[in-house]
Amino acid sequence: MSIKKLFITIYAVLTLLLIALGILTTMMLNNQDTLNEKQRIRYLSYLAADELRQSSDDLTRLARTYVSTGDAKHEDAYWHILDVRGGKKPRSTDAAIDPGKTIALNDIMKQLNFTKEEFGKLKEAGDNSNDLVTTETIAMNAVKGLYNDGSGGYTKKADPDLGLARRIMFDDKYHSDKAKIMAPINDFFALLDARTDSTVTSYVASGNSFLNYIFIFNLFVFSCN
């Protein structure tokens, strides 16, 4: 190979490498922006699921405290949590998601573009939590001597039954029903982590593939000269 051809070949290879580096840099910046956005969504998704878990724990704590003490402030706090979660009252100004806004937690979850399986897990947990609210409502009303009138209301009056209220809130069935809330939330976290890891791996693999193609092409150019 003449010096002229060698120079042209080296120049061509260097030019291709510079172009490839420019393209790769652009890809990396775009990928980084995409990954940053996905990490932001992942963080908000974690917060939303954790809020469902935490609100369920808070409802349990408040209902149990109310049936143990009869202090109305605990029942008021209980219904406030449900009103915020259901989008009937504004979220606190220091809330992790949408502070100060009046928006249902379920609507926040819909905005985060979960996969069908992920959303299904949170819906399962939410439905089970709502079912447990029915149990807790029975117990709290029993403290006041109010019972189900057969139409979903608690207008039937009788003597308060603190024993019944406390059995409902602390028996094995309550613990079992509580576990049905936490299990699908834990499943959701596992699904979310797996999807995030898959996305990161995919972007890294695309960058490596591009570099391999450029390397092979440069070898081809060099060998042809």
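Heads up: the structure comes first, above all this text.
This text gives an overview of the structure that appears in the document. (Residues numbered from 1 in each chain as written. Predicted model: local features only at pLDDT ≥ 70, side-chain atom pairs only at ≥ 80, totals over all residues. Heavy atoms only, no water.)

The subject of this paragraph is the pattern of salt bridges. What the rule picks out here adds up to 14 salt bridges. Between Asp 127 and Lys 123 there is a salt bridge, with its nearest N and O atoms 2.9 Å apart. Taken as a pair, Asp 127 and Lys 123 lie in helix H4 (residues 116–144) at a separation of four residues, close to a single helical turn. Taking the relative accessible area as the measure of exposure, Asp 127 reaches 34% and is therefore partly exposed. Residue classification places Lys 123 among the partly exposed positions, given a relative accessible area of 44%. A salt bridge links Asp 177 to Lys 173; its shortest N-O distance comes to 2.7 Å. In this pair, Asp 177 and Lys 173 are both assigned in helix H6 (residues 172–223), four residues apart and thus about one turn of the helix distant. Look at the salt bridges and you will find they share partners, linking Asp 50, Arg 53, Asp 57 and Lys 178 into a network. (Salt bridge = Lys/Arg side-chain N within 4 Å of Asp/Glu carboxyl O. Helix = DSSP H or I, 4+ residues; strand = E, 2+ residues; numbered from the N terminus. Buried < 20%, exposed > 50% of the residue type's maximum accessible area, 1.4 Å probe, protein only.)

Another point: the packing of helix H2 (residues 72–85) against H4. Two elements in contact, H2 and H4, have axes whose closest approach is 12 Å; the angle formed by their N-to-C orientations is 155°. As summarised for this structure, H2 and H4 are arranged roughly antiparallel, according to the angle between their axes. Here the hand of the crossing between H2 and H4 comes out left-handed. For the pair formed by H2 and H4, the contact residues are Glu 75, Tyr 78, Trp 79, Leu 82 and Arg 85 on the first element and Ser 129, Asn 130, Val 133, Glu 136, Thr 137, Met 140 and Lys 144 on the second. Looking at the contact of H2 with H4, its residues break down into five nonpolar, three polar and four charged. (Axes fitted to C-alpha atoms, helices over the stretch in contact; angles between N-to-C directions. Parallel < 35°, antiparallel > 145°, perpendicular 65-115°, else oblique. Left-handed = near helix turned anticlockwise from the far one by under 90°. Contact = heavy atoms within 4.5 Å. Nonpolar A, V, L, I, M, F, W, Y, C, P; charged D, E, K, R; others polar.)

Attention shifts here to the nonpolar core. Grouped together as the largest cluster of nonpolar side chains are 39 residues, with contacts concentrated most on Leu 52, Val 67, Tyr 78, Met 109, Leu 122 and Phe 188. Counting only elements with at least two residues in this core, the list comes to helix H1 (3–69), H2, helix H3 (105–111), H4, helix H5 (162–170) and H6. Element by element, the count of residues in this core is highest for H1, at ten residues. The contacts of Leu 52, once residues within four sequence positions are left out, are Arg 85, Leu 105, Met 109, Leu 122, Ala 125, Gly 126 and Ile 185. (Core = buried A, V, L, I, M, F, W, Y, C linked by side-chain atoms within 4.5 Å.)

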